[in-house]
Amino acid sequence: MRLSAGARREAVVRAAFAEFARRGFHGTSTEAIARRAGVSQPYLFRFFPTKHALFEAATDRCFRRLAQALGEAPATLEGMSRAYAELRADRDVTLMLLQAAATAASPGQDAFAARVRHGWLNLWDLAGERTGATPAELAALFAHGLRPQRPRSGL
């Protein structure tokens, strides 16, 4: 069965997500992404004009997955915490978030940094609207998944 262009594009984004999560922007080749997606490298560039555009799509996919998990979770801080922790347990999600943050902090990546901030702000707003949580509670959710924090030692 032949896949539609939309299905092939999604396969490319899924492959890019996994490759970028594991190897970062600079460590990932478009050849590896194309191979994982089952398409040729020139075909990959029909969907995404640059490697960076593909990285942006993979980053957006990560934020969509997080938003979907928070949107489907029970509308309580505990429910959000469980959903957030379960998705963060997916190694590729955690790694993609780290890769996106590292790339956003790189010189010359102001537009991408704004895109990443926007992704986090959307998640913050979603969790806040669904739970009615305070800013401190939301900060705890995103920083620690609401797990109790261990006291720091005096050193």
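Residues numbered from 1 in each chain as written. Predicted model: local features only at pLDDT ≥ 70, side-chain atom pairs only at ≥ 80, totals over all residues. Heavy atoms only, no water.

Colleague: Residue-level account of helix α6 (residues 91–104), with values.
Modeller: Because an α-helix completes one turn every 3.6 residues, residues spaced three or four positions apart along the sequence face the same direction. Compared with an ideal rise of 1.5 Å per residue, which puts 14 residues at 20 Å, α6 spans 20 Å between its outermost C-alpha atoms and is within 8% of the ideal. Among the residues of α6, those classed as buried are Asp 92, Val 93, Leu 95, Met 96, Leu 97, Gln 99, Ala 100, Thr 103 and Ala 104. Contact partners of the buried residues in α6: α1 (5–27), α4 (51–72), α5 (77–88) and α7 (110–131). One side-chain oxygen at the N-terminal end of α6 lies 3.0 Å from the backbone nitrogen of Asp 92; it belongs to Asp 90. (Helix = DSSP H or I, 4+ residues; strand = E, 2+ residues; numbered from the N terminus. Expected span 1.5 Å × (residues − 1). Buried < 20%, exposed > 50% of the residue type's maximum accessible area, 1.4 Å probe, protein only. Contact = heavy atoms within 4.5 Å. Polar contact = N/O pair within 3.5 Å; in protein donor to acceptor, adjacent residues only side chain to side chain.)

Colleague: Break down the packing of aromatic side chains for me, with residues and values.
Modeller: The final tally for this structure, using the stated rule, is nine aromatic pairs. Relative to Phe 112, the ring of Phe 55 lies with its centre 5.3 Å away and its plane at 40°, an arrangement referred to as tilted. Taken together, the residues span a long stretch of sequence, with Phe 55 in helix α4 and Phe 112 in helix α7 at a distance of 57 residues. The residues Phe 55 and Phe 112 share a single accessibility class, namely buried. Ring centres of Trp 120 and Phe 142 lie 6.0 Å apart, and the angle between their planes is 85°; on these two criteria the pair is classed as edge-to-face. Pair noted here: Trp 120 is in helix α7 and Phe 142 is in helix α8 (residues 135–144), with a separation of 22 residues, a long-range link. Of the residues examined, Phe 142 reaches a relative accessible area of 14% and is grouped as buried. An aromatic cluster of at least three residues, connected via ring pairs, comprises Phe 63, Tyr 84, Trp 120, Trp 124 and Phe 142. (Phe/Tyr/Trp six-rings, centres within 6.5 Å; stacked < 30°, edge-to-face > 60°.)

Colleague: Can you explain the packing of α4 against α7? Please cite residues and give values.
Modeller: The geometry of α4 relative to α7 is characterised by a closest axis approach of 10 Å and an angle of 5° between their N-to-C directions. Considered as vectors, α4 and α7 are oriented roughly parallel to each other. Two secondary-structure elements touch here, α4 through His 52, Phe 55, Glu 56, Thr 59, Asp 60, Phe 63, Leu 66, Ala 67, Leu 70, Gly 71 and Glu 72 and α7 through Phe 112, Arg 115, Val 116, Gly 119, Trp 120, Leu 123, Leu 126 and Arg 130. Grouping the amino acids of the contact of α4 with α7 by side-chain chemistry returns 10 nonpolar, four polar and five charged. (Axes fitted to C-alpha atoms, helices over the stretch in contact; angles between N-to-C directions. Parallel < 35°, antiparallel > 145°, perpendicular 65-115°, else oblique. Nonpolar A, V, L, I, M, F, W, Y, C, P; charged D, E, K, R; others polar.)

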